[in-house]
Amino acid sequence: MPIDPVAPGPAGADGGYGESLFEPWQPGEGERIDLGSLAYDHITRARLRALGVGPEVRCCDVGAGTGTVARWLATAGGAAEVLAVDRDTRFVDPYAGGALRTLTADIAAPDFDPGRFDLVHARFVLMHLPERHRVMARLRDLLAPGGCLVLGDPVDLTAAGPPDTPYRRAMRAMWRALGASIGTDISWTPDYPRLLRELGLTGVGAEVFVPALVPDAPITAFWLDTWDRTRAGMLATGLVDAGVLDEARAALLSGTVADLSPGLVTAWGRLP
């Protein structure tokens, strides 16, 4: 029977993102997030530019992480107002001021209502939340008339199929471990354009960016660090053993992985 590498376990079985895994206070967690930002920020910035970010635009960056997108919006992006929202804003707070404000909040909370915005952006957020469809609708409700919702989450183009290389087996185990521990689920990411349209948004579009898996790339370092932090959970899945993980690491470090990194799906739509 084929293995579904991204089938989630009970959502939040051991706590959510940042509670039982990838806690912001862990040494090196900010640096790990920044590696992902280095891999994907240029794509995000280009898309936000194309969607009209600039003067007089009010923005809300949801799940701001280390704030690389929010900080860009408030500076080079030229936005009039940027609200960076996260359950833990410690990485963004030092940059607050001018156009940039921070808000420590849970976007899944029923009373989350920070105002209305011309742009609402959430990247690598919905994948970790159990009530994804409800939260997506909630983000839609934060839009002012004519405002744009931009969502980004991973899509894995290789882990579900053969061949069973150490890299692919490691990725399968990682997604299974994340699903079992914090409820991560990327299986619905390809549906983003349809879901945005069903929310009543217009001008819906989507694109995919897959960064190259080469030894000196930020995305390679990101996956190596992520595997290190999830190693126990990956081994617990039974999909890999320590030898397979060591082979996968060696292949990434040597540049002999002839495969694709998980990519970033960015989807957007505008409130009429």
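Residues numbered from 1 in each chain as written. Predicted model: local features only at pLDDT ≥ 70, side-chain atom pairs only at ≥ 80, totals over all residues. Heavy atoms only, no water.

Undergrad: Explanation requested: the packing of helix α6 (residues 218-236) against helix α7 (residues 242-254) in the structure shown.
TA: A pair of packed helices is characterised by two quantities: the angle between their axes and the separation of those axes. Two elements in contact, α6 and α7, have axes separated by 11 Å at closest approach and are oriented at 180 degrees. It follows from the interaxial angle that α6 and α7 lie roughly antiparallel. Seen from α6, the contacting residues are T220, W223, L224, W227, D228, R231, M234 and L235; seen from α7, they are A242, L245, D246, A248, R249, L252 and L253. By residue class, the composition of the contact of α6 with α7 is 10 nonpolar, 1 polar and 4 charged. (Axes fitted to C-alpha atoms, helices over the stretch in contact; angles between N-to-C directions. Helix = DSSP H or I, 4+ residues; strand = E, 2+ residues; numbered from the N terminus. Parallel < 35°, antiparallel > 145°, perpendicular 65-115°, else oblique. Contact = heavy atoms within 4.5 Å. Nonpolar A, V, L, I, M, F, W, Y, C, P; charged D, E, K, R; others polar.)

Undergrad: Is there a simple way to think about the packing of aromatic side chains in this case?
TA: Any two aromatic rings considered together are summarised by their centre-to-centre distance and by the angle between their planes. Applying the stated criterion to the full structure yields 6 aromatic pairs. Centroid distance F222 to W223: 5.0 Å. Interplanar angle 75 degrees. Geometry classified as edge-to-face. Take F222: its relative accessible area is 15%, and that puts it in the buried class. A relative accessible area of 6% places W223 in the buried class. Among the aromatic residues, those joined into a cluster by ring pairs are Y40, F124 and F209. (Phe/Tyr/Trp six-rings, centres within 6.5 Å; stacked < 30°, edge-to-face > 60°. Buried < 20%, exposed > 50% of the residue type's maximum accessible area, 1.4 Å probe, protein only.)

Undergrad: How should the sheet that holds strand β1 (residues 58-62) be read in this particular structure?
TA: Strands in a sheet are paired, the pairing made by backbone hydrogen bonds, and the direction either parallel or antiparallel. Spatial strand order, β3-β2-β1-β4-β5-β7-β6: 7 strands in an open sheet with mixed pairing. The open sheet has two edge strands with one neighbour each: β3 (100-104) and β6 (202-209). Pairs of neighbouring strands in the sheet enclose a mean axial angle of 15 degrees, with direction left out of account. Note: strand β4 (residues 117-123) against strand β5 (residues 143-155), 6 bridges, orientation parallel. Note on β5: the bridge partner recorded for R123 is G152. Each of β1, β4 and β5 is contacted by helix α3 (residues 132-141), which is oriented at about 145 degrees to β5, the strand it contacts most. (Pairing = 2+ DSSP bridges.)

Undergrad: Looking at this model, I keep getting lost on the pattern of salt bridges. Mind explaining?
TA: In a structure, side chains of opposite charge can pair up when their charged atoms sit close to one another. On inspection of all chains with the given rule, the structure shows 19 salt bridges. Taking the shortest distance from any N to any O, the salt bridge between D191 and R194 comes out at 3.5 Å. On the accessibility criterion, D191 (31% relative accessible area) is partly exposed. Because the salt bridges share partners, they merge into one network encompassing E29, R32, D225 and R229. (Salt bridge = Lys/Arg side-chain N within 4 Å of Asp/Glu carboxyl O.)

Undergrad: Help me out: how do you make sense of α3 in this one?
TA: For an α-helix the count is 3.6 residues per turn, leaving residues at separations of three or four pointing the same way. In terms of burial, α3 is a largely internal element, 7 of the 10 residues being buried. Buried residues along α3 sit against β1, β4, β5 and α5 (192-198).

Undergrad: Before we go on, may I ask you to explain helix α4 (residues 166-182) in this structure?
TA: Compared with an ideal rise of 1.5 Å per residue, which puts 17 residues at 24 Å, α4 spans 24 Å between its outermost C-alpha atoms and is within 8% of the ideal. Buried residues dominate α4, accounting for 13 of its 17 residues. Immediately beyond the C-terminal end of α4, within one or two residues, lies G183, with a positive phi of roughly 85 degrees. (Expected span 1.5 Å × (residues − 1).)

Undergrad: Where do I start with unusual backbone geometry in this structure?
TA: Note: most residues except glycine have negative phi, and most peptide bonds are trans. In this structure, P163 follows P162 across a cis peptide bond, with omega equal to 0 degrees. In this structure, E56 takes a positive phi of about 75 degrees despite not being glycine. By secondary structure assignment, the location of E56 is in the loop between α1 (29-50) and β1. Since its relative accessible area comes to 70%, E56 is described here as exposed. Despite not being glycine, F124 has its phi angle at roughly 55 degrees, a positive value. For F124, the location among the structural elements is in the loop between β4 and α3. Since its relative accessible area comes to 26%, F124 is described here as partly exposed.

Undergrad: When you look at the nonpolar core in this model, what are you seeing that I'm missing?
TA: For soluble globular proteins, nonpolar side chains are generally found buried alongside one another. Counting residues in hydrophobic clusters, the biggest one holds 33 residues, and the most contacted among them are W175, W223, W227 and M234. When contributions to this core are tallied by element, the ones reaching two or more residues are α1, α4, α6 and α7. Beyond its immediate stretch of four places on either side in the chain, M234 contacts A170, A173, M174, A177, W227, V240 and L245. Counting 30 residues, the second-largest nonpolar core is a separate cluster that includes V120, V125, A267 and L271. (Core = buried A, V, L, I, M, F, W, Y, C linked by side-chain atoms within 4.5 Å.)

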